[in-house]
Amino acid sequence: MNLVESIPRSPKIKMKGLVMISRMIDKARAYNSNTLGEYIFPCPLDKIILEFLNTNHKEFAYQTQNLSDKEMASWIEEKCLNRSKDDKEHINKKILDRKPDTPESLNRFDVIRNKINPIAKNVTTWVELIELEESQTLPKIT
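About the thresholds
Residues numbered from 1 in each chain as written. Predicted model: local features only at pLDDT ≥ 70, side-chain atom pairs only at ≥ 80, totals over all residues. Heavy atoms only, no water. Phe/Tyr/Trp six-rings, centres within 6.5 Å; stacked < 30°, edge-to-face > 60°. Helix = DSSP H or I, 4+ residues; strand = E, 2+ residues; numbered from the N terminus. Buried < 20%, exposed > 50% of the residue type's maximum accessible area, 1.4 Å probe, protein only. Axes fitted to C-alpha atoms, helices over the stretch in contact; angles between N-to-C directions. Parallel < 35°, antiparallel > 145°, perpendicular 65-115°, else oblique. Contact = heavy atoms within 4.5 Å. Salt bridge = Lys/Arg side-chain N within 4 Å of Asp/Glu carboxyl O. Expected span 1.5 Å × (residues − 1). Arc of directions from axis to C-beta. Core = buried A, V, L, I, M, F, W, Y, C linked by side-chain atoms within 4.5 Å.

**Topic: the packing of aromatic side chains**
Line of reasoning, step 1. For the structure on display, the rule yields four aromatic pairs.
Line of reasoning, step 2. Aromatic pair phenylalanine 60 and tryptophan 75: ring centres 5.9 Å apart, planes at 65°, arrangement edge-to-face. Placement of phenylalanine 60 in helix α3 (residues 57–66) and of tryptophan 75 in helix α4 (residues 69–79) is noted, with a sequence separation of 15 residues between them. Exposure class is identical for phenylalanine 60 and tryptophan 75. Each is buried.
Line of reasoning, step 3. Both rings, one in phenylalanine 109 and one in tryptophan 126, keep their centres 5.0 Å apart while their planes meet at 85°; by these two values the pair is edge-to-face.

The following block contains the structure:
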């Protein structure tokens, strides 16, 4: 995947009941091919999932080199054998509801949001900001 020329999947897309996984696969594949562009792998949201899966970004990236999305789904399922549906819902909520939690991160958040759309004050979470930002960079249909 080349994230210099495209965008990763939405953080809201679920794989095996977890948000962020599909997006992380895209970013890990770009990481492996040195085509991350301005994306960060692992970003703070990725780190939440990596900890939940009891793995690290290097192992995750390694797996994406060798496994298809379907095989990655099986690998994720194995990593979650001891996790309940409630555990997954809790981690999804933690990611989807995550807001800036320091004055510095709030300032960075506001700068990014205001640069994209200064009237989008209803955008308050990192996932909402990602979606706002990427909606501005989608390729135009010709």
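**Let's talk about the packing of helix α1 (residues 21–32) against helix α2 (residues 44–52)**
The angle between the axes and the distance between the axes are what describe a pair of packed helices.
Line of reasoning, step 1. Taken N-terminus to C-terminus, the directions of α1 and α2 make an angle of 110°; their axes are 11 Å apart at the nearest point. Regarding the angle of α1 to α2, the classification is roughly perpendicular. Each of Ile21, Met24 and Lys27 in α1 lies in contact with α2, whose residues at this interface are Asp46, Ile49 and Leu50.

**A word on the pattern of salt bridges**
Line of reasoning, step 1. The final tally for this structure, using the stated rule, is 11 salt bridges.
Line of reasoning, step 2. For arginine 9, the salt bridge is made with aspartate 26, and the minimal N-O distance between the two is 2.8 Å. Highlighted residues: arginine 9 in the segment before α1 and aspartate 26 in helix α1, separated in sequence by 17 residues.
Line of reasoning, step 3. For arginine 9, a relative accessible area of 25% corresponds to the partly exposed category.
Line of reasoning, step 4. A salt bridge links lysine 16 to glutamate 77, with the shortest nitrogen-to-oxygen separation between them at 3.5 Å. Residue lysine 16 is found in the segment before α1, and its partner glutamate 77 is found in helix α4; the two are separated by 61 residues along the sequence.
Line of reasoning, step 5. The exposure class assigned to lysine 16 is partly exposed, which follows from its relative accessible area of 36%.
Line of reasoning, step 6. A single network of salt bridges, built from pairs that share partners, joins Arg9, Asp26, Arg29 and Asp69.

**Some words on helix α6 (residues 103–116)**
Line of reasoning, step 1. Helix length check: α6 (14 residues) gives 20 Å between terminal C-alpha atoms against 20 Å at 1.5 Å per residue, within 8%.
Line of reasoning, step 2. Restricting attention to buried positions, one finds in α6 the residues Ser105, Phe109 and Arg113. Buried residues of α6, seen end-on, are gathered within an arc of 65° and therefore sit on one face of the element. Of the exposed residues in α6, the ones pointing more than 90 degrees away from its buried face are Pro103, Glu104, Asn107, Val111 and Lys115.

**Some points on the nonpolar core**
Line of reasoning, step 1. Counting 36 residues, the largest nonpolar core has Leu18, Ile21, Leu45, Leu53, Phe60, Ile76 and Ile95 as its most contacted members.
Line of reasoning, step 2. Every element with two or more residues in this core is listed here: α1, α2, α3, α4, α5 (85–96) and α7 (126–135).
Line of reasoning, step 3. Among all residues touching leucine 18, those that are not within four sequence positions of it are Ile13, Phe52, Leu53, Ile76, Cys80, Lys88, Ile91 and Asn92.

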